[in-house]
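What follows is each chain in one-letter form.
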Number of protein chains: 2
Amino acid sequence: MFNVEEVAKKARYASYSLAVCSADTKNKMLECIAKELVANADGIIEANKLDVEALDESAKVFKDRLMLNESRIAKMAEGLYEIIKLEDPVGEVTASWKMYNGIEMRKTRSPLGVIGVIYEARPNVTIDVAGLCVKSGNAVILRGGKEAINSNRALYNVIKNALESNGFDPDIVGFIDDTSRESSKQMLSLDRYVDVIIPRGGDGLKKFVLSNATMPVIASAGGNCHIYIEKSADINMAREILENAKMSRPTVCNACEQLLIDSGIVEKLPYLVEPLIKGGCKIKGDKVAAAILNVEETVEEDYYEEHLDYYLTVKTVNSHGEAIDWINEHGTKHSEAIVTKDTDIADEFTRKVDAGAVYVNASTRFTDGFEFGFGAEIGISTQKLHARGPLGLKQLTSEKYVAIGTGQVRK
Amino acid sequence: MFNVEEVAKKARYASYSLAVCSADTKNKMLECIAKELVANADGIIEANKLDVEALDESAKVFKDRLMLNESRIAKMAEGLYEIIKLEDPVGEVTASWKMYNGIEMRKTRSPLGVIGVIYEARPNVTIDVAGLCVKSGNAVILRGGKEAINSNRALYNVIKNALESNGFDPDIVGFIDDTSRESSKQMLSLDRYVDVIIPRGGDGLKKFVLSNATMPVIASAGGNCHIYIEKSADINMAREILENAKMSRPTVCNACEQLLIDSGIVEKLPYLVEPLIKGGCKIKGDKVAAAILNVEETVEEDYYEEHLDYYLTVKTVNSHGEAIDWINEHGTKHSEAIVTKDTDIADEFTRKVDAGAVYVNASTRFTDGFEFGFGAEIGISTQKLHARGPLGLKQLTSEKYVAIGTGQVRK
């Protein structure tokens, strides 16, 4: 069996030197990986073909997600150059004060240490994740899915060779060359070497990770995102926001799945959803909405479902309070929006709605590391611990206290 | 069986209103609890007697930890008044910027939501934890140990009555009146209602929580803390720091357990540990140290043990690099110190040592919410996710993004 512990141990040891590398050194690491990627495109594509050919009939829909070509590989390399441009978060002093006894106290950012990432499907994750972890001073252990094992192995070998041949420690990026459930389980038990686990994939993977990990996990629950159109809303603005949030990319986690509308303006519904219907979007509604729109009535489960499709559920509410309670009960703490002209209600909505990102008069689709200005993201957290929303480089660090004394002892 | 889910559900619902309470309202809640505590001291002491009497012979050492009297109850009330004085972290804007498209973005502190605390022994935790959670806008679910069930129940009833009779929602503080393992397990499965679990107790409790919790956990691994005396150290300063860190309170997690000394100054050892020996501290050392001090030689396990006693392990190292590696291998990421006059080495030590608090020329005993100026603490984290070191009110919040637009949609 593949020796997972050995990889984790080496990553742990390598993480100590990486944690104190200068931004310049880390950028050189990324640069040599980017160059090696482009230089080895042919070999990567060849390995990728094995994966694509091995897809069974039922999985052919994933073919496009899995397939690599020269332009996709060039894009991975570009992604690394983008990360090079980002500011290094390590060493940033986020707070400082003098203690009553003269000790100088600083709170400084340092890497998390070793990050384990368990991911499914797309092989570009291998490069993205390695780039973000290295730039934030974290060693990383990659455990990809079986559908992409040949591609991932080829990409890992590129990383390893690039680091090694340029005099860097290749152990900062570890690769679990074993796609059995057992190898994941073993990785999740190694809290001695792995500080944090990030699962990237479906609900099944997330549950597996949460129930087996002995170390902290940063997980995302997907996005069952709502848009609430309050009665004072500018209806044209609401229509545009709804269309953007539902139709621009319905398969992503920040797309709108649920529309809440004030019962006082329910007659505007046909106008509001017109662009969706024209775009082929299926709509279901509660009794009132279904009657007005002449569509099927919703069942309870529809309100909890992340549709990930051209499909919208509509619910009428009698007050903004009801909308807030509804969202807190049915949402997944991802992205929630209100359209309103009433600033008091907007303020109450942003304070009371429990989500990583809360929008007033803007589309939920903005929840994204690039849009937020983080330059890149390793995922979007729907947890409340550590970090909510898009996870950029800063979110891959934690803050430690450094106390500089002159011999102080505690009374 | 006790209905754990009902308590959690009610706490979740109550948490939404609590999350947006003003500091003034939350302070009033704490004040009425403090008053009710003092007014009901007799009843609490009576209930506490049942617990103390029920202690079996082998547990008599815990008697002092468990016992409540009027002065201890007054101290709990005082603790609440101290929390009233602390600044409310909720609503603090920790960052703000304008997006490229004009959206105004703020990162603001909001409560975690519902915090579950599973604790052992001391009943004062019931009041401390309730106070800190309420002030930080979090609903809390208390699950104490069986040794203190009567005391905890009495304290909880005081909280409940105080809130209820003053017109506040009593569901913001939940109490699991069932000390079976099953009730804990059920609580740990309710990630739908409970956002975070904080275990406070021994290693067994922590492991139980980590392996059963479906929600994020903030845990502490205890403190196997080192003091490294580098060869340029001021020996008198080192002697004072060592004495303070080892002898002032050996049973606490920020006490020093391990001494690392540069082999170049190993002849100073007898002078360095003289105050410890006078104070009755047991010492073991590696070959070199044991020979010089004429004490027993250590075995490997001694270096991994949090002694929590008048007992110090001594290890000689040949360089500061060796000391750093040793600490990263054997420490528990709690508090680590170097005594040195060399600022370059000090700097390297603080950057490379992986711990919540790293000290230069100061005692490890300062790792404490009060000493750090947080005013109070709910525990000390040795995790790297979310928060390291002492957990004050700020650490009981997380930051969400609030985006105020004027109709922006994503291109």
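Analysis parameters
- Residues numbered from 1 in each chain as written.
- Chains lettered and ligands numbered in written order.
- Predicted model: local features only at pLDDT ≥ 70, side-chain atom pairs only at ≥ 80, totals over all residues.
- Heavy atoms only, no water.
- Helix = DSSP H or I, 4+ residues; strand = E, 2+ residues; numbered from the N terminus.
- Buried < 20%, exposed > 50% of the residue type's maximum accessible area, 1.4 Å probe, protein only.
- Contact = heavy atoms within 4.5 Å.
- Areas by Shrake-Rupley, 256 points an atom, 1.4 Å probe, with all protein chains shown as cover.
- Lys, Arg positive; Asp, Glu negative; His and termini not counted.
- Charge placed at Lys NZ, Arg CZ, Asp CG, Glu CD.
- Buried area = accessible area lost by both parts, 1.4 Å probe.
- Salt bridge = Lys/Arg side-chain N within 4 Å of Asp/Glu carboxyl O.
- Polar contact = N/O pair within 3.5 Å; in protein donor to acceptor, adjacent residues only side chain to side chain.
- Axes fitted to C-alpha atoms, helices over the stretch in contact; angles between N-to-C directions.
- Parallel < 35°, antiparallel > 145°, perpendicular 65-115°, else oblique.
- Expected span 1.5 Å × (residues − 1).
- Arc of directions from axis to C-beta.
- Pairing = 2+ DSSP bridges.
- Least-squares fit on C-alpha atoms with pLDDT ≥ 70 in both.
- Left-handed = near helix turned anticlockwise from the far one by under 90°.
- Nonpolar A, V, L, I, M, F, W, Y, C, P; charged D, E, K, R; others polar.
- Core = buried A, V, L, I, M, F, W, Y, C linked by side-chain atoms within 4.5 Å.

**A look at the overall build of chain A**
And then number 1: Each helix and strand counted, chain A has 14 helices and 16 strands in total.
And then number 2: With respect to the principal axes defined by its C-alpha atoms, chain A has extents near 70 × 70 × 35 Å.
And then number 3: A buried classification covers 59% of the 411 residues belonging to chain A.
And then number 4: Summarising the internal contacts of chain A: among those between residues at least 6 apart in sequence, 71% fall at separations of at least 24.
And then number 5: A total accessible area of about 16,200 Å² is found for chain A, and carbon and sulfur atoms account for 48% of it.
And then number 6: With 50 positive and 61 negative side-chain charges, chain A shows a separation of 5 Å between the mean positions of the two kinds.

**Observations regarding the interface of chain A and chain B**
And then number 1: Residue-level contacts link 76 residues of chain A with 76 residues of chain B.
And then number 2: Summed over both sides, the interface of chain A with chain B buries roughly 6,000 Å², with 52% coming from carbon and sulfur.
And then number 3: Aspartate 368 of chain B is paired through a salt bridge with arginine 410 of chain A; the nearest N and O atoms lie 3.6 Å apart.
And then number 4: The tally of links from chain A across to chain B stands at 43 residue pairs in polar contact (both at pLDDT 80 or more).
And then number 5: Counting residues per element, the ones that place at least two in the side of chain A that touches chain B are helix 1 (4–19), strand 2 (104–111), helix 10 (235–247), helix 13 (320–330), helix 14 (343–352), strand 13 (357–362), strand 15 (389–390) and strand 16 (397–408) of chain A.

**Topic: the packing of helix 2 (residues 23–39) of chain A against helix 5 (residues 70–85) of chain A**
All names here are of chain A.
And then number 1: Where helix 2 contacts helix 5, the two axes come as close as 9 Å, and the packing angle between them is 170°. Judged on the interaxial angle alone, helix 5 and helix 2 are roughly antiparallel. Touching Asn27, Leu30, Glu31, Ile33, Ala34, Lys35, Leu37 and Val38 of helix 2 are Ile73, Met76, Ala77, Leu80, Tyr81, Ile83 and Ile84, all from helix 5.

**Some words on helix 3 (residues 41–54) of chain B**
Residues and elements named next belong to chain B.
And then number 1: Between the first and last C-alpha of helix 3 there are 20 Å, a value that for 14 residues agrees with the 20 Å anticipated at 1.5 Å per step.
And then number 2: Restricting attention to buried positions, one finds in helix 3 the residues Ala41, Ile44, Ile45, Ala47, Asn48, Asp51 and Val52. On an axial view of helix 3, the arc spanned by its buried residues comes to 165°, and they lie on one face. In this structure, helix 3 carries Asp42, Glu46, Glu53 and Ala54 as exposed residues pointing more than 90 degrees from its buried face.
And then number 3: Where the residues of helix 3 are buried, they touch helix 2 (23–39), helix 4 (63–66), helix 5 (70–85) and helix 7 (149–165).

**Brief notes about unusual backbone geometry**
All names here are of chain A.
And then number 1: Although it is not a glycine, lysine 333 adopts a positive phi angle of roughly 65°.
And then number 2: Residue classification places lysine 333 among the buried residues on the basis of a relative accessible area of 17%.
And then number 3: Even without glycine at this site, histidine 386 takes up a positive phi of about 75°.
And then number 4: In this fold, histidine 386 is placed in the loop between strand 14 (380–381) and strand 15.
And then number 5: Exposure remark for histidine 386: the relative accessible area of 18% places this residue in the buried category.

**Here we look at the sheet that holds strand 5 (residues 173–175) of chain A**
Residues and elements named next belong to chain A.
And then number 1: Taken together, the four strands give an open sheet; going across it, the order is 5-4-3-6, and neighbouring strands pair in parallel fashion. The outermost strands of the open sheet, each flanked by one partner alone, are strand 5 and strand 6 (196–200). With strand direction ignored, the average angle separating the axes of adjacent strands in the sheet is 20°.
And then number 2: Inspection of the sheet shows strand 3 (residues 114–119) paired to strand 6 by five bridges, in the parallel sense. By the bridge assignment, valine 117 is partnered in strand 6 with isoleucine 198.
And then number 3: The strands touched by helix 6 (residues 124–135) within the sheet are strand 3, strand 4 (139–143), strand 5 and strand 6, with strand 4 carrying the most contacts at an inclination of about 165°.
And then number 4: Seen against the sheet, helix 7 (residues 149–165) touches strand 3 and strand 5 and runs at an angle of roughly 150° to strand 5.

**Remarks on the pairing of strand 8 (residues 256–262) of chain A**
Residues and elements named next belong to chain A.
And then number 1: In terms of residue burial, strand 8 counts as a mostly covered element, since seven of its seven residues are buried.
And then number 2: Relative to strand 11 (residues 311–317), strand 8 is paired through five bridges, and the arrangement is parallel. Note on strand 11: the bridge partner recorded for leucine 260 is lysine 315.

**Some words on the relation of the copies chain A and chain B**
And then number 1: Under the fitted operation, chain A is carried onto chain B by 0.0 Å of movement along the axis and a turn of 180°, and the coordinates agree to an RMSD of 0.1 Å. The transformation just described matches what one would write down for a two-fold rotation axis. Proximity to the rotation axis, assessed at the C-alpha, singles out histidine 386 of chain A in chain A; its C-alpha lies 1.7 Å from the axis.
And then number 2: When the interface residues of chain A are mapped onto chain B, 100% of them again fall at the interface, so both copies present the same face.

**Considering the packing of helix 13 of chain A against helix 14 of chain A**
Residues and elements named next belong to chain A.
And then number 1: Between helix 13 and helix 14, the shortest axis-to-axis distance is 10 Å and the interhelical angle comes to 20°. With respect to helix 14, the axis of helix 13 lies roughly parallel. For the pair helix 13 and helix 14, the crossing hand works out as right-handed. In this structure, helix 13 uses His320, Ile324, Ile327 and Asn328 to contact helix 14, whose residues at the interface are Ile345, Glu348, Phe349 and Lys352.
And then number 2: When grouped by side-chain class, the residues that make up the contact of helix 13 with helix 14 number four nonpolar, two polar and two charged.

**Some thoughts on the nonpolar core**
And then number 1: Within the largest apolar cluster, 56 residues are counted, with the highest numbers of intra-cluster contacts made by Leu37 and Val173 of chain B.
And then number 2: Tallying contributions element by element places helix 7 of chain B first for this core, with eight residues.
And then number 3: By size, the runner-up hydrophobic cluster in this structure holds 55 residues, among which are Leu112, Ile127, Val140 and Ile218 of chain A.

**Examining the pairing of strand 2 (residues 104–111) of chain B**
All names here are of chain B.
And then number 1: Extensive coverage of strand 2 is indicated by the burial of six of its eight residues.
And then number 2: Sheet analysis places strand 1 (residues 93–98) next to strand 2, joined by five bridges and oriented antiparallel. Within the sheet, the bridge partner assigned to serine 96 lies in strand 2 and is arginine 106.
And then number 3: Hairpin geometry of strand 1 and strand 2 is characterised by an intervening segment of five residues between the two adjacent antiparallel strands and by a positive phi of about 95° at glycine 102.
And then number 4: Summarising the sheet, strand 2 and strand 16 (residues 397–408) pair through eight bridges and their orientation is antiparallel. Looking at strand 16, one finds that glutamate 104 is bridged to isoleucine 404.

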